[in-house]
Amino acid sequence: MVEEQIEDQQATKTRTVTLKTLTLPSVISVGNLAELVHAEPVQLIKQLMRMGVFANVTQAIDFDTASMLARAYGYSAKALTGAGQQGSEELTEEDAAKLQIRPPVVTVLGHVDHGKTSLLDSIRKANVAGGEKGGITQHIGAYQVDYNNQIITLLDTPGHEAFTAMRARGAQVTDIAVLVVAADDGVMPQTIEAIDHIKAAGVPIIVAINKMDLPDADPDKIKRQLSEHALLVEDWGGEVIAVPVSAKTGEGIEDLLESIVVLSEVEELKANPDRSAVGVVIEARTDKSRGVVASLLIQTGTLHQGDNFAVGTIRGRVRALTSDSGRRIKSAGPSQPVEILGLSELPEAGDTLTVVADERAARDLVAERQRSAGARGVTLEDMTSRLSSGSVKELDLILKTDVQGSIDALRQALGQLSTDETKVKLIHASTGTVTESDVLLAVASQAIIVGFNTRTEPGARHMADLEGVDIRLYDIIYRLTEDIEAAMAGLLEPKQEDIVEGKLEIRAVFSIGKGKASAGCYVTDGQVGRGSMARVLRGGKELFDGPIIGLKRFKDDVRQVTNGYECGLTLDGFNEFQEGDVIEAHRLQRVGGGS
């Protein structure tokens, strides 16, 4: 609860108002906010319109806007911290005295043909945790190795997309990234993508220069190419550890593991094993005999058989635990990969698992997560307000173009827009269409995607719409730079397009008491939905424009009425209907810039 002193000007006295605390994510849909503050969505839409913000029920608004709306309904908003926000608050360690050193979690990334899988196999065969010579009996997406009595957890993800997908869902799982580059081939487009995804995650990088057994291996060429992407290795005066290895012969494997151990000691990785467990889903599948099986990585605390939990928006109870070597175990601690049984539905990779006291607590946590769910991306307008308010200092962009020359030209043009106060940062730039991988990176990094002379793949467009990611396509360079410059200066205006969804003709007017009226309408074109905006026209002139608050077919409330049907309609703030008036049901839709 928050108490505030508010001056009542009429009574010339001060009264104390108690505001209830409400935790909000950085972005939230209007509909979800309405549910949290116990208000009708249409009321919030009206408030937003008074603030100059046009949004429908499903559109996302930023924290600053949401907090102002919440205050009007008696709530003091508090920001939910952490990438993606899901589960980040549960990872806060309360008692520093209980923290203990935990094993590092390492992800191996690289170009598809550069030997990532062979390298993982080589490490696994040589160093199975606990000295088990039989190898791993099952694949659970992660496993542990024992190097000189130091446990290392290796995540066996299929690629940087999976690595970023977990980040996009709020799970910063990896402590160290090993980038595999083939000594005979060099840095490839997928390598560059992996580098950019790792940098965006802020994770330390170790480069494994693989295939050193080949006669045309050229590690110096690799180091030179890496330097062109701002990765300067130690023997070139930089800080990036580079280890020559051969997954085929085993050369350099011990040096690589030693480097991981040393880097993890520098990072001082710790967790509290004595608290309730928090973990993250690596992968999940349905087994014919066992039901839903989820692979988890425990991040902090200890997970026990019998624990109640919420994972994402699913409740469950741990029926069984299995280690990476296939053994049934009773508990699993920090940085330990484990398989669990006890879920009724399939969770998604990156979902946060939180252990709670009982089933009721699990139900409450799931309900809270469902209320807080919403678009996780960010729009250029969002960034404009954040930059102008000073809450952020960088505008992160993902750039996709038709040819390499366009990247070079735009990199130079965008670089000139940075000032002492704000900076444009290209977290990834490549040629080709906008892909799902680009959208995932945008969600995880709170970045805007800008494209020049390119297009968006259908799957990427669908994902961007679901996640609230802003994709802006241009065919003229100066229009692209103008929009970015306007965003940096806090001057960018949202671009809105008015979409007429349906037309209605008023054929009767009914009094519904207290000076209010309802219009009996016939839908002549399209459709009309409750919650849409309605424009009242008489003789072609606009009399009123506001939200529809009531829609009926006969005596029944309905959500939508389509062409050729009659309906009763009431508007918020307008009752002066006349027979023959025309009503246009419409909505405002934000459109991207440029092309």
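Going along each chain's sequence as written, the residues are numbered from 1 onward. With pLDDT at 70 or above as the cut-off, local features in this predicted model cover only qualifying residues; side-chain atom pairs require 80 or more to be listed or tallied, and sums for whole chains, interfaces and linings still use all residues. Based on all heavy atoms of the structure, the side-chain values leave hydrogens and waters out of the count.

**Q** Looking at this model, I keep getting lost on the pairing of strand E23 (residues 394-401). Mind explaining?
**A** Burial within E23 is extensive, with seven of its eight residues counted as buried. Note on pairing: two strands pair once DSSP finds at least 2 bridges between them. Working definition: helices are DSSP H or I runs of at least four residues, strands are E runs of at least two. Numbering for both runs from the N terminus. In this structure, E23 lies alongside strand E24 (residues 423-431), joined through eight bridges in parallel fashion. Each bridged residue has a counterpart across the sheet, and for Lys-400 the counterpart in E24 is Ser-430. Looking down the strands as they point away from the viewer, one classifies a crossover as right-handed if the path from the first strand across the helix to the second runs clockwise. On the question of chirality, the crossover connecting E23 to the parallel E24 by way of helix H11 (residues 404-415) is right-handed. One ladder, built from five bridges, connects E23 with strand E25 (residues 448-452); its direction is parallel. Directly across from Leu-399, in E25, lies its bridge partner Val-450. For every residue, the accessible area obtained with a 1.4 Å probe (protein chains only) is divided by the maximum for its type, and the residue is called buried under 20%, exposed over 50%, and partly exposed between those limits.

**Q** It is not clear to me how the side chain of Asp-396 should be interpreted in this structure. Could you clarify?
**A** Tracing the backbone through its elements, the reader meets Asp-396 in strand E23. Asp-396 has contacts with Lys-425, Ile-427, Ser-445, Gln-446, Ala-447 and Ile-448, leaving out every residue within four places of it along the chain. Residues count as neighbours in contact if any of their non-hydrogen atoms are within 4.5 Å of one another.

**Q** Looking at this structure, I do not really get the packing of aromatic side chains. What am I missing?
**A** How two aromatic rings sit relative to each other is given by the distance of their centres and the angle of their planes. Ring geometry is summarised as follows: Phe, Tyr and Trp rings, the Trp one being its six-membered ring, pair when their centres sit within 6.5 Å, and such pairs are stacked at plane angles under 30 degrees, edge-to-face over 60 and tilted between the two. Taken as a whole and assessed by the stated rule, the structure comprises two aromatic pairs. With 5.2 Å between their ring centres and 20° between their planes, Phe-544 and Phe-574 make a pair best called stacked. Placement of Phe-544 in strand E30 (residues 541-553) and of Phe-574 in the loop between strand E33 (566-571) and strand E34 (582-590) is noted, with a sequence separation of 30 residues between them. Each member of the pair Phe-544 and Phe-574 is classed as buried. Geometrically, the ring pair formed by Phe-574 and Phe-577 is edge-to-face, given 5.2 Å between the ring centres and 80° between the ring planes. As far as the burial class goes, Phe-574 and Phe-577 line up, both buried. What links up through ring pairs into an aromatic cluster is the set Phe-544, Phe-574 and Phe-577. Charge over a ring is defined by NZ of Lys or CZ of Arg lying within 6 Å of the ring centre and within 35 degrees of the ring normal. In this structure, Arg-507 packs its charged tip against the face of Tyr-522, placed 4.2 Å from the ring centre.

**Q** Would you explain the sheet that holds E25 in this entry?
**A** Two modes of strand pairing occur in sheets, parallel and antiparallel, and in both the strands are linked by backbone hydrogen bonds. One open sheet holds the four strands; their spatial order is E24-E23-E25-E26, and the pairing between them is parallel. Strands at the two margins of the open sheet, each flanked by one partner only, are E24 and strand E26 (471-474). The mean inter-strand angle of the sheet, taken between neighbouring strand axes irrespective of direction, is 25°. H11 rests against E23, E24 and E25 of the sheet, and its axis sits at about 180° to E24. Think of each axis as a best-fit line through the C-alpha atoms, taken over the contacting stretch in the case of a helix, with angles from 0 to 180 degrees between the N-to-C directions.

**Q** Help me out: how do you make sense of the confidence of the model for the chain in this one?
**A** Interpretation of the predicted coordinates at a detailed level should be avoided for regions scoring low in pLDDT. Values of pLDDT, the confidence the predictor places in each residue, fall between 0 and 100. Taken as a whole, the chain shows an average pLDDT of 81; of its residues, 82% reach a score of 70 or greater. Across residues 2-17, where pLDDT falls below 50, the model places 24 contacts with residues more than four positions away in sequence or in other chains. Note that pLDDT drops below 50 for residues 81-89; the model gives that stretch 16 contacts with residues more than four away or on any other chain.

**Q** I keep staring at the pattern of salt bridges and nothing clicks. Help me out?
**A** Pairing is possible between side chains of opposite charge, provided their charged atoms come close. Salt bridge, as used here, is a side-chain nitrogen of Lys or Arg placed within 4 Å of a carboxyl oxygen of Asp or Glu. A full pass over the atoms with the stated rule returns 15 salt bridges. Between Asp-465 and Arg-461 there is a salt bridge, and its shortest N-O distance comes to 3.5 Å. Of this pair, Asp-465 and Arg-461 both sit in helix H13 (residues 458-467), separated by four residues, roughly a single helical turn. Accessibility expressed as a relative area gives 53% for Asp-465, which makes it exposed. Relative accessible area serves as the criterion here: at 32%, Arg-461 is assigned to the partly exposed category. Between Arg-535 and Glu-584 there is a salt bridge whose closest N-O contact spans 2.6 Å. Residue Arg-535 is located in strand E29 (residues 533-538), and its partner Glu-584 is located in strand E34; the two are separated by 49 residues in the primary sequence.

**Q** I'm lost on the packing of helix H6 (residues 189-201) against helix H12 (residues 436-445) in this one. Help?
**A** For any two helices packed against each other, one specifies the inter-axial angle together with the distance between the axes. In the contact formed by H6 and H12, the axes pass within 10 Å of each other and the chain directions differ by 15°. It follows from the interaxial angle that H6 and H12 lie roughly parallel. Both H6 and H12 take part in a crossing whose hand is left-handed. Residues Glu-193, His-197 and Ala-200 of H6 lie in contact with H12, whose contacting residues are Ser-437, Leu-441 and Ser-445. When residue character is reported, Ala, Val, Leu, Ile, Met, Phe, Trp, Tyr, Cys and Pro are called nonpolar, Asp, Glu, Lys and Arg charged, and the others, Gly included, polar. When grouped by side-chain class, the residues that make up the contact of H6 with H12 number two nonpolar, three polar and one charged. The labels follow the angle: roughly parallel below 35 degrees, roughly antiparallel above 145, roughly perpendicular from 65 to 115, and oblique for the rest. Note: crossing handedness is left-handed where the near helix turns anticlockwise from the far helix by less than a right angle, and right-handed where it turns clockwise.

**Q** What should I look at first to understand the state of the cysteines in this one?
**A** Where two cysteines share a covalent bond between their sulfur atoms, that bond is called a disulfide. In plain terms, two cysteine sulfur atoms within 2.5 Å form what is called a disulfide here. All chains considered together, the criterion is met by zero disulfides. The thiol sulfur of Cys-521 is not disulfide-bonded, and the nearest other cysteine sulfur, from Cys-567, lies at 5.0 Å.

**Q** Hey, could you run me through helix H7 (residues 219-227) in this one?
**A** In an α-helix, one turn spans 3.6 residues, which is why side chains three or four residues apart end up on the same side. Of all the positions in H7, only Lys-221, Ile-222, Lys-223, Gln-225 and Leu-226 are classed as buried. In this fold, the buried residues of H7 make contact with strand E10 (176-182), H6 and strand E11 (205-210).

**Q** For this particular structure, what's the right way to read a negative patch on the surface?
**A** Here, patches come from residues exposed beyond 30% relative accessible area and free of salt bridges, joined within 9 Å for like charges and within 5 Å for nonpolar side chains (Val, Leu, Ile, Met, Phe, Trp, Tyr). Every accessible area reported is derived by Shrake-Rupley at a probe size of 1.4 Å, with residue values counting cover from the shown protein chains alone. By the counting rule applied here, Lys and Arg register as positive and Asp and Glu as negative, while His and the ends of each chain are not counted. For charged residues, the charge sits on one atom: NZ in Lys, CZ in Arg, CG in Asp, CD in Glu. Together, Asp-213, Glu-251, Glu-254, Asp-255, Glu-258 and Glu-265 line one region of the surface with negative charge. Positionally, Glu-251 belongs in the loop between strand E12 (241-244) and helix H8 (253-267). Residue classification places Glu-251 among the partly exposed residues on the basis of a relative accessible area of 39%.

**Q** Got a minute to help me understand the side chain of Ser-532 in this structure?
**A** Tracing the backbone through its elements, the reader meets Ser-532 in the loop between strand E28 (516-529) and E29. We define a polar contact as two N or O atoms separated by no more than 3.5 Å, with the added condition that, inside protein, one atom must be a possible hydrogen donor and the other a possible acceptor, whereas residues neighbouring each other in sequence contribute only through side-chain atom pairs. Separated by 3.4 Å, the side chains of Ser-532 and Glu-501 make a polar contact. In this structure, Ser-532 is in contact with Glu-501, Gly-546, Pro-547, Ile-548 and His-586, ignoring residues within four places of it in sequence.

**Q** Which parts of the structure should I look at to understand the environment of Val-450?
**A** Inspection of the secondary structure puts Val-450 in strand E25. In this structure Val-450 comes out as buried when scored by relative accessible area, which is 0%. Sequence separation between Val-450 and Leu-399 is 51 residues, and the spatial gap between their C-alpha atoms is 5.2 Å. Beyond its immediate chain neighbours, meaning those up to four positions away, Val-450 contacts Ile-398, Leu-399, Lys-400, Arg-472, Tyr-474, Leu-480 and Ile-484.

**Q** Any chance you could explain unusual backbone geometry here in plain terms?
**A** For residues that are not glycine, phi is negative in most cases, and the peptide bond is trans in most cases. One non-glycine residue with positive phi stands out, namely Glu-268, at about 50°. With respect to the helices and strands, the residue Glu-268 is situated in the loop between H8 and strand E13 (270-271). Using a relative accessible area of 58% as the deciding quantity, one classes Glu-268 as exposed. Here the phi dihedral of Asn-453 falls at roughly 55°; this positive angle occurs in a residue that is not glycine. Residue position: Asn-453 is located in the loop between E25 and H13. A relative accessible area of 39% means that Asn-453 is categorised as partly exposed.

**Q** Quick question: what am I supposed to make of H6 here?
**A** For H6, which comprises 13 residues, the first-to-last C-alpha distance of 19 Å matches the rise-based estimate of 18 Å (1.5 Å per residue) to within 8%. Turning to H6, its buried residues are Thr-191, Glu-193, Ala-194, Ile-195, Asp-196, His-197, Ile-198 and Ala-201. Once H6 ends, the next one or two residues include Gly-202, with phi positive near 70°. A helix is expected to reach a length of 1.5 Å times the quantity of its residues less one.

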